[in-house]
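This is what each chain is made of:
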There are 2 protein chains.
Amino acid sequence: MDLMDELKKRSVYVDKGIEELLPISHPEELYKASRYLPDAGGKRLRPAVLMLSTEAVGGDPMSVIPAAVALELVHNFTLVHDDIMDNDDVRRGMPAVHVKWGSEGAILAGDTLYSKAFEILSVMEKDPGSILKCVALLSKTCTEICEGQWMDIDFEKRDAVSEEEYLEMVEKKTSVLYGAAAKVGALLGGASDEVADAMYEFGRLVGISFQIQDDVIDMVTPEDILGKVRGSDLIEGKRTLIAIHALNHGVELEIFGKGGSVSPEQIDEAVSILEGSGSIKYAQDLSTETLERGKKMLDVLGDSEAKNILLAVADYMVTRNY
Amino acid sequence: MDLMDELKKRSVYVDKGIEELLPISHPEELYKASRYLPDAGGKRLRPAVLMLSTEAVGGDPMSVIPAAVALELVHNFTLVHDDIMDNDDVRRGMPAVHVKWGSEGAILAGDTLYSKAFEILSVMEKDPGSILKCVALLSKTCTEICEGQWMDIDFEKRDAVSEEEYLEMVEKKTSVLYGAAAKVGALLGGASDEVADAMYEFGRLVGISFQIQDDVIDMVTPEDILGKVRGSDLIEGKRTLIAIHALNHGVELEIFGKGGSVSPEQIDEAVSILEGSGSIKYAQDLSTETLERGKKMLDVLGDSEAKNILLAVADYMVTRNY
């Protein structure tokens, strides 16, 4: 199995689904702004997890494409609004939505993606009871994403953040949407609540592992692969799990929150201090352990090609090095 | 029947519903920001229309309180985001959400209200098929509200706006949510699709009439009742139906879009020009005619106290003078 081929196969359907289910209608410019980011592509990991989950429980993945599109639109909605809030002007190598259409345009494009996601999900041709469960789960998930983003913004203004708080933020901001993708796929594929709940845990745990790994990657990946300054989280004073571990163990980091330009030697020094304090290993170990716990959840499923691909997606999400 | 008493009776349940269904949980400050505007009260016209529609088709209004709360939260979500986009710093006599919590806080508070509305609606104790119809309708309505707000912003940048475009904008920005309130109430009350559709038309037409009347009120109401400068729409160059009619008939209005301070004499002069050109009467007549068409929709219903109150609500919305 070539994972990239498997992802590509599915993303073609998702791309087509976006075109059909979110057509450029009237007022045209609003729909152009709404489609701008979804059209920029990407690996469509969340839709893939959703479709594979359907397949892994014995359902027809082609019948859940609208739900996969809905998940992808929710993901894009959060990116559009987050970029306004975080003043991030570049996304996927392009000017952010609010740079092209102003904040008003980006707020409305995000709101449109949000409502379209629920519209698309609610008119699917599936049993109303199952769809309604998915609507309830997806709306709860959106609320949690808002909570996670609020915590993330709040952490920047605070002196101390505990590991527990960090993990709660990461769970809500990133991982619940992976959980929802897996569970929606399972529910629409006809799985029992018990199996669907295990699938949720799979997505949630893998999502947490993925996010912790992101912090590690920022430290240990050469800049030419990373595509940005190594240690940028540290320099910006971001409270990653590594930074929290270090601060809790009295490690002094000269460059933490320093901003501006920091020499490669200073970064090397900081990284070796964090290696010495065991902070990087701590995060790496927690990421690996969480990944294993997540993958274990799939034990509820019988063997299948889809299950194998799901396990490979999980590994890929965490072992990628950029 | 005292209409204010009837509205008050229902708003008490809605207020209580908001407290219970959107509790101040964690992170506390996000929920405070989300509750700030809903807690500021108001007449709760949309929830009242929803509950009365349930009652008018023979359902139990107490059983639809969560849906009424969901409608009110959607309405508040649009106010929070609109105020950011329109730079309106005061709402209901208080600082707007974005003034108190910044744009980031207001974007997130709005997003939270949005997802909570769907969460509350989707877990109601009603038949899944009916709830799902309501989810589909409410999400479609939210998309239309985004379209309407986009058009409204766009109109300000344009030289010419047709009457047709204006009416489409008003319909989407304001009236579809009244339509949805009436139809959701009817569906959850067990009405047939035919009756539910007539209820939607009732809400939609009354909503349009209400919005056109708003433009008239700005012209003809004394300032001490209006609570703001008379003719402010004109001074700001807002393309109301009255302004569009006048411009289309070659009427020259010195103060149109002039901004800044305009003397009461100049406003009086503009109003009498608009009376002379028939522009105010044109809007007033269209508002009245649309109201009557809306009320006529309730002919599908048998006589009931709830129906009478709905008719009184419609009259009140349009004949109020501030």
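A quick note: this is a predicted structure, and the numbers were derived from the prediction, not measured.

Participant: What should I look at first to understand the overall build of chain A in this one?
Facilitator: Summing up its helical and strand segments, chain A has 14 helices and 2 strands in all. On C-alpha atoms alone, chain A measures out to a radius of gyration of 20 Å, which is about the 20 Å that the 2.2 N^0.38 rule sets for 322 residues. A burial count over chain A gives 59% of its 322 residues as buried. Here the analysis covers contacts within chain A between residues at least 6 apart in sequence; of these, 70% occur between residues at least 24 apart. Once the 33 positive and 57 negative side-chain charges of chain A are each reduced to a mean point, those two points are 3 Å apart.

Participant: I keep staring at the nonpolar core and nothing clicks. Help me out?
Facilitator: Side chains of nonpolar character tend, in soluble globular proteins, to be buried together. Ranked by size, the top nonpolar core spans 170 residues in total, and within it A:Val313 and B:Val313 carry the most contacts. If we ignore the near neighbours within four places in the chain, the residues touching A:Val313 are A:Leu3, A:Leu7, A:Leu45, A:Val49 and A:Leu52. Ranked by size, the runner-up nonpolar core spans 29 residues in total, among them A:Val161, A:Tyr166, A:Val271 and A:Ala283.

Participant: Please explain the pattern of salt bridges as it appears in this structure.
Facilitator: Opposite charge on two side chains permits them to pair, given that their charged atoms come into close proximity. Residue and element names in this part refer to chain A. Summed over all chains, the structure comprises 51 salt bridges over all chains. The salt bridge partner of Asp299 is Lys296, with a shortest N-O separation of 2.5 Å. Where salt bridges share partners, they join Glu6, Lys9, Arg10 and Glu55 into one cluster.

Participant: Looking at this model, I keep getting lost on the packing of aromatic side chains. Mind explaining?
Facilitator: Remark: the centre distance and the inter-plane angle together describe each pair of aromatic rings, the angle taken between the planes. Residues and elements named next belong to chain B. On inspection of all chains with the given rule, the structure shows 10 aromatic pairs over all chains. The interplanar angle of 25 degrees and the centroid separation of 4.0 Å between the aromatic rings of Phe77 and Tyr114 together place this pair among those described as stacked. Placement of Phe77 in helix H4 (residues 65–85) and of Tyr114 in helix H5 (residues 97–122) is noted, with a sequence separation of 37 residues between them. Judged by its relative accessible area of 3%, Phe77 is buried. For Tyr114, a relative accessible area of 1% corresponds to the buried category.

Participant: Teacher, can you tell me more about the relation of the copies chain B and chain A here?
Facilitator: In this structure, two copies of a chain are linked by a rotation about an axis accompanied by a shift along it. Relative to chain A, chain B is turned by 180 degrees and slid 0.0 Å along the rotation axis, the superposed coordinates differing by an RMSD of 0.0 Å. Interpreted geometrically, this transformation is the action of a two-fold axis. Looking at the interface residues of chain B, 100% of them are also at the interface in chain A, so both copies use one shared face.

Participant: What should I look at first to understand a negative patch on the surface in this one?
Facilitator: Together, A:Asp86, A:Asp88, A:Asp89, A:Glu156 and A:Glu236 give the surface a local cluster of negative charge. You can see A:Glu156 is positioned in helix H6 (residues 128–157).

Participant: For this particular structure, what's the right way to read helix H5 (residues 97–122) of chain A?
Facilitator: Residues that lie three or four places apart on an α-helix share one face, since the helix turns once every 3.6 residues. All names here are of chain A. With 26 residues, H5 ought to run about 38 Å at 1.5 Å a step, yet its terminal C-alpha atoms sit only 27 Å apart, falling short of that. Maximal helix bending in H5 amounts to about 100 degrees, located at Ser103. Of all 26 residues in H5, 21 are buried; the element is thus mostly enclosed.

Participant: Explanation requested: the interface of chain B and chain A in the structure shown.
Facilitator: Many authors give the size of an interface as the accessible area that is lost as the parts come together. Facing the 42 residues of chain B at the interface are 42 residues of chain A. Roughly 3,600 Å² is buried in total at the junction of chain B and chain A, and carbon and sulfur atoms are behind 76% of that figure. Three residues stand out in chain B for area buried against chain A, namely B:Leu108, B:Leu132 and B:Trp150, and they jointly supply 20% of the buried area on that side. At the boundary of chain B and chain A, one finds 0 salt bridges.

Participant: I tried to follow the side chain of B:Asp152 on my own but got confused; where do I start?
Facilitator: Residues and elements named next belong to chain B. Residue position: Asp152 is located in helix H6 (residues 128–157). Among the residues examined, Asp152 registers a relative accessible area of 16% and is labelled buried. Excluding residues within four positions of it along the chain, Asp152 makes contact with Met169 and Lys173.

Participant: What should I look at first to understand unusual backbone geometry in this one?
Facilitator: When glycine is set aside, most residues are seen to have a negative phi, and most peptide bonds are trans. All names here are of chain A. That bond from His26 to Pro27 is cis: its omega, 0 degrees, falls within 30 degrees of zero. Residue placement: Pro27 occurs in the loop between helix H1 (3–21) and helix H2 (28–36). Of note, Asn87 is a non-glycine position whose phi angle comes to about 55 degrees, a positive value. Its location among the elements puts Asn87 in the loop between helix H4 (65–85) and strand S1 (90–91). The class for Asn87 is exposed, based on a relative accessible area of 60%.

Rules of the game
- Residues numbered from 1 in each chain as written.
- Chains lettered and ligands numbered in written order.
- Predicted model: local features only at pLDDT ≥ 70, side-chain atom pairs only at ≥ 80, totals over all residues.
- Heavy atoms only, no water.
- Helix = DSSP H or I, 4+ residues; strand = E, 2+ residues; numbered from the N terminus.
- Rg over C-alpha atoms; globule rule 2.2 N^0.38 Å.
- Buried < 20%, exposed > 50% of the residue type's maximum accessible area, 1.4 Å probe, protein only.
- Contact = heavy atoms within 4.5 Å.
- Lys, Arg positive; Asp, Glu negative; His and termini not counted.
- Charge placed at Lys NZ, Arg CZ, Asp CG, Glu CD.
- Core = buried A, V, L, I, M, F, W, Y, C linked by side-chain atoms within 4.5 Å.
- Salt bridge = Lys/Arg side-chain N within 4 Å of Asp/Glu carboxyl O.
- Phe/Tyr/Trp six-rings, centres within 6.5 Å; stacked < 30°, edge-to-face > 60°.
- Least-squares fit on C-alpha atoms with pLDDT ≥ 70 in both.
- Patch = residues over 30% accessible without salt bridge, like charges linked within 9 Å, V, L, I, M, F, W, Y side chains within 5 Å.
- Areas by Shrake-Rupley, 256 points an atom, 1.4 Å probe, with all protein chains shown as cover.
- Expected span 1.5 Å × (residues − 1).
- Bend = angle between axes of the 7 residues up to and from the residue.
- Buried area = accessible area lost by both parts, 1.4 Å probe.

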